[in-house]
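Chains, contacts and geometry: an overview
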Amino acid sequence: MSQATRPRRPSSHKKGGSGKKKTRRKPLILRFLSSAGTVILTTFLSFFLLFAVTGTICAIAAAIYITDYMDSTQKVSINELSTSYETKIFERDPKNKEKWVEIYRVQAELQRIPVTLNKVPQYTREAFVCAEDERFYSHQGVDYKRTAASFANMILHFWSSDQGGSTITQQLVKNLTQDDDKSPQRKIREIKRAMRLEKEYSKDDILEAYLNYIGFGGAANGIELASKKYFGKSCDQLTIAESACLAAIPQNPEKNNPFAGYNTKEYNEVTDTYYYTDTKINTGRDENRKRMEYILGQMYSNGAITFDEYQEALSEHLVFTDTDEYLLAHPELQKVAEDGTITLKEDEQENTTWVIDEALNEFASVLMQERGISKERAMTLINRGGYEIYLTVDREMQDYIEEKYADLDNLLAGMTNTQRTRFYRDLDGDGIRSDEESMTLQSGFTAIDYRGRILCTVGAVGEKVGSLGTSYASNEPQQPGSAIKPVTAYGYALENDYITWATHVLDYPPLEVDDTQHPGKKKLWPTNYADTNDVTVYTNQMIDIYYALQVSKNTIPALLCKTYGVDKVYEFATKTLGLKLTLRDQDYAPLSVGALDRGVTVTNLANAYMVYGSGGKYSPAHIIEKVVTTEGETKTLPGDAYNQVIGEDTAYIMNQLLQNVVKNGTGTSAQMMKNGRYIPIAGKTGTTSDWFDLTFVGLNPQFVSAVWLGYPQNKKINDHFSIKSPLLWKNIIGEWIQQHYDDEDFNREYPEPPEGSVVSGSVCAFTGKIAGAACPKETGVGYWKASNAPACDNRPLGLGYNVYDDYAEDE
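Residues numbered from 1 in each chain as written. Predicted model: local features only at pLDDT ≥ 70, side-chain atom pairs only at ≥ 80, totals over all residues. Heavy atoms only, no water.

Tracing the chain through its elements places Glu633 in the loop between β17 (624-628) and β18 (643-644). Classification of Glu633 by relative accessible area gives exposed; the value is 53%. Sequence separation between Glu633 and Tyr387 is 246 residues; the distance between their C-alpha atoms is 10.0 Å. Apart from residues lying up to four places away in sequence, Glu633 is in contact with Val627 and Val628. (Helix = DSSP H or I, 4+ residues; strand = E, 2+ residues; numbered from the N terminus. Buried < 20%, exposed > 50% of the residue type's maximum accessible area, 1.4 Å probe, protein only. Contact = heavy atoms within 4.5 Å.)

With that settled, consider the environment of Lys521. Within the secondary structure, Lys521 sits in the loop between β11 (511-514) and β12 (522-525). Of the residues examined, Lys521 reaches a relative accessible area of 53% and is grouped as exposed. If we skip the residues at most four places from it in the chain, Lys521 touches Val513, Asp514 and Asp515.

Bringing the pattern of salt bridges into the picture now. As a working rule, side chains carrying opposite charge can pair if their charged atoms are close by. Counted by the stated rule, this structure contains 23 salt bridges. Residue Asp719 is joined to Arg420 by a salt bridge in which the shortest nitrogen-to-oxygen separation is 3.0 Å. In this pair, Asp719 is assigned in the loop between β23 (703-710) and α25 (725-739) and Arg420 in helix α17 (residues 418-421), connecting sequence segments 299 residues apart. For Asp719, a relative accessible area of 25% gives the class partly exposed. When the shortest N-O distance is used, the salt bridge between Arg584 and Asp597 registers 4.0 Å. Placement of Arg584 in the loop between α21 (566-576) and α22 (588-593) and of Asp597 in the loop between α22 and α23 (602-609) is noted, with a sequence separation of 13 residues between them. Each member of the salt-bridge network shares a partner with another, and the members are Glu91, Arg395 and Asp399. (Salt bridge = Lys/Arg side-chain N within 4 Å of Asp/Glu carboxyl O.)

Burial of β23 is extensive: eight of the eight residues sit out of reach of the surface. Of the two faces of β23, the one lined by Phe703, Ser705, Val707 and Leu709 and the one lined by Val704, Ala706, Trp708 and Gly710 are each fully buried. Of the pairings in the sheet, the one linking strand β22 (residues 693-699) to β23 comprises seven bridges and is antiparallel in character. Residue pairing across strands places Thr695 opposite Trp708, the latter belonging to β23. Between β22 and β23, which pair antiparallel and follow one another directly, the connecting turn spans three residues. (Pairing = 2+ DSSP bridges.)

Turning our eyes to something else, we now look at the sheet that holds strand β9 (residues 454-458). Strands sit in the order β9-β8-β23-β22-β21 across an open sheet of five strands; the sheet is antiparallel. In the strand order of this sheet, the two ends are held by β9 and β21 (682-687), each with one partner. On average, adjacent strands in this sheet sit at an angle of 5° to one another, irrespective of strand direction. Bridging between strand β8 (residues 442-449) and β23 involves eight bridges; their strand directions are antiparallel. In the sheet register, Ser443 faces β23, and the bridge partner there is Leu709. (Axes fitted to C-alpha atoms, helices over the stretch in contact; angles between N-to-C directions.)

A separate point is the packing of aromatic side chains. In the structure shown here, the tally under the stated rule is 25 aromatic pairs. Geometrically, the ring pair formed by Phe128 and Phe216 is edge-to-face, given 6.0 Å between the ring centres and 80° between the ring planes. Note that Phe128 is positioned in helix α2 (residues 122-132) and Phe216 in the loop between α6 (203-213) and α7 (223-231), a separation of 88 residues in sequence. By relative accessible area, which is 0% here, Phe216 ends up buried. Across the ring face of Trp354, the terminal group of Lys464 is positioned such that the distance to the ring centre comes to 5.1 Å. (Phe/Tyr/Trp six-rings, centres within 6.5 Å; stacked < 30°, edge-to-face > 60°. Lys NZ or Arg CZ within 6 Å of the ring centre and 35° of its normal.)

Turning next to the nonpolar core. The biggest cluster of nonpolar side chains holds 130 residues, and the ones touching the most others in it are Ile401, Phe445, Tyr609, Tyr612 and Trp729. A total of nine residues in this core trace back to one element, the largest contributor, which is helix α13 (residues 354-371). Each residue touching Tyr612, except ones within four places of it in the same chain, is listed here: Pro486, Val487, Gly491, Phe572, Leu577, Ile646, Ala651, Met654, Asn655, Leu658 and Leu699. Counting 47 residues, the second-largest nonpolar core is a separate cluster that includes Phe136, Leu172, Leu207 and Ile305. (Core = buried A, V, L, I, M, F, W, Y, C linked by side-chain atoms within 4.5 Å.)

Here it is as structure tokens:
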């Protein structure tokens, strides 16, 4: 075979090769991306599997938790709606102290007139179903689509407002249980309860309960009362449009009700304050109309009404009971004023008494502390809680004091009168100060026995108007002036043996303060007040403690505060004697002369003084003796506490110091006699430096009582020099004390001295100690603790004796 015909090898094959085609390598960047992609994909799949497994475990755990939680959820019953939970208040029968008589039933805050479902027109029922729960007749208590959206918003806050995920059944459950906590746990409880309710009751039963219970703005609850409130008719007479109007309210009762609105405010240049006028701007009509039209559209879309009925309802003119049109159509409801103005007759609301107000406020405070809730919530619990509240009040004393407080002239008798003390103002700026614009003096009074039980309380002069309002006795703090001294500086120093009955102290201002009238300069503080020429003085002389309190020196309590610490005095006043002071009161002016930050109430002040008539025992002032629940349990109350807080010897000596104030000092006009014998009265006056406030606290063998007098606004009392606070107190309670103080009381020493712990004797005029045989003696008897009874060493004068030596030793 010739060489020309031999087949040629393919050019791709080389000698000695394998015969396989060679593969080209990928670029480096591609090989890197391929490797990275593999790693990323592997990592993603790993995390996905991890999250899937974790999520499954969490879902199983959540399912188990929810199942157990729902199984433990308490059942609810529609029957609870008809159960009576009226709270009743009792006091002792004045003719038989062992017998309790009911004096008040707490009117439910929420009012309703129950109706059966067959009285409610079908289209009215449909209006509420279409408005609140269009799948009401098909679900089993829960609309899961709406609930899921509500849950998502609760956790992730997709929308700025709460999304309504509750069905009619769930809303009923929420109202039955008052369980309104905004949390997933509450929603779980609500769902389970709704499902249980659906199993036990028919749809008609649930809808009937809902229509009877739901709120329609203000105190109006239930469709029947709402129908009467807004349209003046029974619910069986409602039109389709009126039905839709009412169905528009429950979504936001205080915003969507047709009467919602606000009163305008105007500025008064004379008083530099804003005040609300009688002009009301209605905002509810427009809000209600928007939702009403939406509901009518829903009713038409769901086949509840025809197109013609829909159009007719949209064009219907609604006549509300607050319009002139309604009033003119119902002349039997018209009330014609003296000026010819025609208004709608309103049901007169019952005014509560001072005693009832005190009891409700006190029990509300107990519930607030016990449950950590607001006062509004506490009052709701009282209204529907079915409590039996038993009071400490002395009905005869309460009636007696209320009769005194019917006329201000009763309080001012023998001093001045209402007309002379009237404060005239020009509120409207017309240049005329009329009687209508004037202020008359107001006052509050409280009496407490030596177990802390409130025997009587009156919060204002004149007829009481309204409920749970201002009480100048119990909820309106006032400035006590010098009446603060025995329960701050003097009380603390005496309890801790820093002073005795006649310790010598220097009547000189102990502090230097900025002089506000002369910037950059200092002045001595405090000085003492003198009745003449409105000047303040100090003697720069040594005086006895009993005398300093007797004439109400300002310098001495300030000296005590400076010497022993305002923090210690403040702690004694607040923690030991229960005075409700603010942190700003931990200073010289509040604790020395009673210039308090906010003030204290008359009741609180009297309560602090009770230790000086009870042998040193203290119990928080309380008008509630006991509270019994619907289960028959007696609640534990703050007033149950009765503890020894200061020494019996301290209490006895302070009582004698305060009796000396009445016998020889600023309280002499409180003295009273019976059958030619003095009744032992201890007391302390209090007057603010600007004459805005007058106070007196008086103790007698049966109880302690306190009174405050002043204007509703801080103004100097007109004719104040004529008014003596001890005589004011005596005008109020003096006759009562005299009538109830008998011969047996005179045979008992008051207060009863603690056995072996108090000594009495004459006071050495030079040392203030217990006088010896050779000592010159002061008038009267002094009292010392047996553990702190310094006896004078009888050093004769002229042998180097200096009264300041003993002063230094005592300090």
